[in-house]
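Here is what each chain is made of, one letter per residue.
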Amino acid sequence: MLQPAEIDTSEALTERQQAVLDAALRLLVEEGDNLTMTAVARRASCSKETLYKWFGDRDGLLTATVQWQASKVRVAAIDRERLDIGSLTASLDRFASDWLKVISSDTSIALNRVAVSHAGSGKDDLGAIVLQNGRFALAKRLKPVLEAGRQAGLLDFEDAETAFRTFFGLVGRDVQIRLLLGDRVESTEAAIGGDARRATQQFLALFGANNRLQSP
């Protein structure tokens, strides 16, 4: 398999490449399993040669679409020297809110449904692509923030992966599985913001250093 181009952040993508990936995501919503390079080229009004040049092959294109979706989950920049509970909370809130917006979108639901249906089928590596460039990539992005919080004496945990999984679980709850099964979960700006803040506060209650010091 050809290796996809290294374009795993929104900043590295041209506007034209972003438009092509958006077209691919719309096709996934409409056609699911039937996504082809020919269909994407037709929808995006570009040549298949251009698609192969940019993304390598179908798996490369799928990888880039997952990376494009994951890039929308931002981690606010922090100053390690001046990190306080306010800036840490803001960073966690932003991550949680962005992730909930992404997983609630029609495109992410369609992408994950296809990935789940392909898992273990041998059709392609979409399941692994979603894990590596979605959940695992997000962990790599947020763990340094958690580590910085621990170094600043704001968080208390032994293992960053365990702390991340806890936060991820508090944010996602049962939302993603309900969406995949067709449930109508409220995903307004206000509902998502409230859920994000609630998850952050619950996480800080579990791993906040001051809270732990006060525990019996």
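Up top you'll find the structure we're talking about.
Below you will find a few notes about this structure. (Residues numbered from 1 in each chain as written. Predicted model: local features only at pLDDT ≥ 70, side-chain atom pairs only at ≥ 80, totals over all residues. Heavy atoms only, no water.)

Okay, helix 4 (residues 58-70) next. Over its 13 residues, helix 4 extends 18 Å from the first C-alpha to the last, a length consistent with the 18 Å expected when each residue adds 1.5 Å. Taken across its 13 residues, helix 4 has twelve buried, putting it largely inside the fold. Residues Asp59, Gly60, Leu61, Leu62, Thr63, Ala64, Thr65, Val66, Gln67, Trp68, Gln69 and Ala70 constitute the buried set of helix 4. On its buried face, helix 4 sits against helix 1 (15-31), helix 2 (37-44), helix 3 (48-55), helix 5 (85-103), helix 6 (106-118) and helix 7 (126-151). (Helix = DSSP H or I, 4+ residues; strand = E, 2+ residues; numbered from the N terminus. Expected span 1.5 Å × (residues − 1). Buried < 20%, exposed > 50% of the residue type's maximum accessible area, 1.4 Å probe, protein only. Contact = heavy atoms within 4.5 Å.)

A few words now on the nonpolar core. By size, the foremost hydrophobic cluster in this structure holds 37 residues, and its most contacted members are Leu146 and Phe203. When residues of this core are assigned to their parent elements, the largest contribution, eight residues, is made by helix 5. Leaving out residues up to four positions away in the same chain, Leu146 has contacts with Leu92, Leu155, Phe157, Ala160, Ala163, Phe164 and Phe203. Membership of the second largest hydrophobic core comes to 29 residues, among which are Val20, Ala23, Leu28 and Cys46. (Core = buried A, V, L, I, M, F, W, Y, C linked by side-chain atoms within 4.5 Å.)

Once that is clear, we can look at the packing of aromatic side chains. Within the structure shown, the criterion is met by seven aromatic pairs. With 6.0 Å between their ring centres and 80° between their planes, Trp54 and Phe55 make a pair best called edge-to-face. Three or more aromatic residues joined by ring pairs make a cluster, and in this case those are Phe95, Trp99, Phe164, Phe167, Phe168, Phe203 and Phe207. A cation over a ring is seen here: Arg135 above Phe168, with NZ or CZ 5.9 Å from the ring centre. (Phe/Tyr/Trp six-rings, centres within 6.5 Å; stacked < 30°, edge-to-face > 60°. Lys NZ or Arg CZ within 6 Å of the ring centre and 35° of its normal.)

Once that is clear, we can look at the side chain of Thr63. Tracing the backbone through its elements, the reader meets Thr63 in helix 4. When its relative accessible area of 11% is taken as the criterion, Thr63 is described as buried. In contact with Thr63, not counting residues within four places along its chain, are Ile129 and Asn133.

Now for the environment of Gly172. One can find Gly172 in helix 8 (residues 160-172). The spatial distance from the C-alpha of Gly172 to the C-alpha of Ala96 is 8.4 Å, given a sequence separation of 76 residues.

Viewed as axis vectors pointing N to C, helix 4 and helix 7 meet at an angle of 30°, and their least axial separation amounts to 9 Å. As summarised for this structure, helix 4 and helix 7 are arranged roughly parallel, according to the angle between their axes. The hand of the helix 4/helix 7 crossing is right-handed. In this structure, helix 4 contributes Asp59, Leu62, Thr63, Val66, Gln67 and Ala70 to the contact, and helix 7 contributes Leu126, Ile129, Val130, Asn133, Gly134, Leu138 and Arg141. For the contact of helix 4 with helix 7, the per-class residue count stands at seven nonpolar, four polar and two charged. (Axes fitted to C-alpha atoms, helices over the stretch in contact; angles between N-to-C directions. Parallel < 35°, antiparallel > 145°, perpendicular 65-115°, else oblique. Left-handed = near helix turned anticlockwise from the far one by under 90°. Nonpolar A, V, L, I, M, F, W, Y, C, P; charged D, E, K, R; others polar.)

One pass over the full model with this rule turns up ten salt bridges. Note that Asp174 is salt-bridged to Arg178, the shortest N-O span being 3.7 Å. Judged by relative accessible area, which is 35%, Asp174 ranks as partly exposed. On the basis of relative accessible area, Arg178 is assigned to the partly exposed category, the value being 30%. Asp195 is the partner of Arg198 in a salt bridge, and the nearest nitrogen-oxygen pair spans 2.7 Å. Residue Arg198 and its partner Asp195 are located together in helix 10 (residues 189-207), separated by three residues, close to a single helical turn. Among the charged side chains, a network of salt bridges with common partners joins Arg135, Lys143 and Glu161. (Salt bridge = Lys/Arg side-chain N within 4 Å of Asp/Glu carboxyl O.)

In this section: the environment of Leu83. Locating Leu83 in the fold gives a position in the loop between helix 4 and helix 5. For the pair Leu83 and Ala152, spaced 69 residues apart in sequence, the C-alpha to C-alpha distance is 6.8 Å. Those residues in contact with Leu83 that sit more than four places away from it in its chain are Ile78, Leu88, Ala148, Gly149, Ala152 and Leu154.

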